[in-house]
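A structural walkthrough
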Amino acid sequence: MEDETQQEQASPAVQKRVRDSFDRQGLMAHLGARLTHIGPGRVHIVLPARPEVAQQHGYVHAGATSAIADSAGGYAALTLFNEDSEVLTVEYKINLLTPAAGTHLEAVGTVLKSGRTLTVCQLEVYGVQGDGERKLVANGQQTLIRVTGPAE
């Protein structure tokens, strides 16, 4: 596992832009998700496991798992765009590999290819135990579109 403290950080301006955008997302606030790493082409989002995001068996719901994966990829792409560009998801596919269990989930979005119009990201979601043990619970791929100005 890569040590997060060794990962490259995005510039302060890019970090502020991503954090400001993330703070405007009602769903991420509602879920209790938070940004933990913003690097060039790579973003991590953590979601604490709580009853409010669980399904009937006590695992984190697939909808919450998918939502943080989608946002991690979108923000990873945004770190590589100029400041007059925004990003929207065109499509994503996620495989739920095992029940999402742990004290929290960590979604990692990584840009595979950033283009003029379309960007493709890898999505990974880990279940993290209290002792730090990580298990891949979901993975996927996402296509995003770059749009100019505020997305309406």
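Look up: the structure comes first, before these words.
Quantities reported herein were computed from a predicted structural model and do not represent experimental measurements.

**Digging into the pairing of strand β6 (residues 134–148)**
Strand direction decides the pairing type here: strand β3 (residues 85–96) and β6, joined by 11 bridges, are antiparallel. Each residue of the ladder has a partner; that of Tyr92, found in β6, is Gln142. Here 11 bridges tie strand β5 (residues 118–128) to β6, and the two strands are oriented antiparallel to one another. Bridging across to β6, Glu124 finds its partner in Asn139.

**Observations concerning helix α1 (residues 12–23)**
Its 12 residues place the ends of α1 16 Å apart at the C-alpha level, agreeing with the 16 Å of an ideal helix rising 1.5 Å per residue. Within α1, the full set of buried residues consists of Gln15, Arg17, Val18, Ser21 and Phe22. Angularly, the buried residues of α1 cover 160° about the axis, an arc narrow enough to put them on a single face. Turned more than 90 degrees from where α1 packs its buried face, Pro12, Ala13, Lys16 and Asp23 sit exposed.

**Here's the deal with the environment of Arg19**
Take Arg19: it is sitting in helix α1. In this structure, the C-alpha to C-alpha distance between Arg19 and Leu35, residues 16 residues apart in sequence, is 7.5 Å. When neighbours within four sequence positions are excluded, Arg19 is seen to be in contact with Leu35 and Ile38.

**Considerations on the packing of aromatic side chains**
Using the criterion set out here, one finds 1 aromatic pair in the structure. Taking NZ or CZ as reference, Arg134 lies 4.0 Å from the ring centre of Tyr126, over its face. Sitting over the face of the ring of Phe81, Arg146 holds its NZ or CZ atom 3.8 Å from the ring centroid.

**Examining the side chain of Glu106**
Inspection of the secondary structure puts Glu106 in strand β4 (residues 104–114). Assessed through its relative accessible area of 6%, Glu106 is described here as buried. Within polar-contact distance, the side chain of Glu106 engages the side chain of His44 at 2.7 Å.

Cut-offs and rules
Residues numbered from 1 in each chain as written. Predicted model: local features only at pLDDT ≥ 70, side-chain atom pairs only at ≥ 80, totals over all residues. Heavy atoms only, no water. Pairing = 2+ DSSP bridges. Helix = DSSP H or I, 4+ residues; strand = E, 2+ residues; numbered from the N terminus. Expected span 1.5 Å × (residues − 1). Buried < 20%, exposed > 50% of the residue type's maximum accessible area, 1.4 Å probe, protein only. Arc of directions from axis to C-beta. Contact = heavy atoms within 4.5 Å. Phe/Tyr/Trp six-rings, centres within 6.5 Å; stacked < 30°, edge-to-face > 60°. Lys NZ or Arg CZ within 6 Å of the ring centre and 35° of its normal. Polar contact = N/O pair within 3.5 Å; in protein donor to acceptor, adjacent residues only side chain to side chain.

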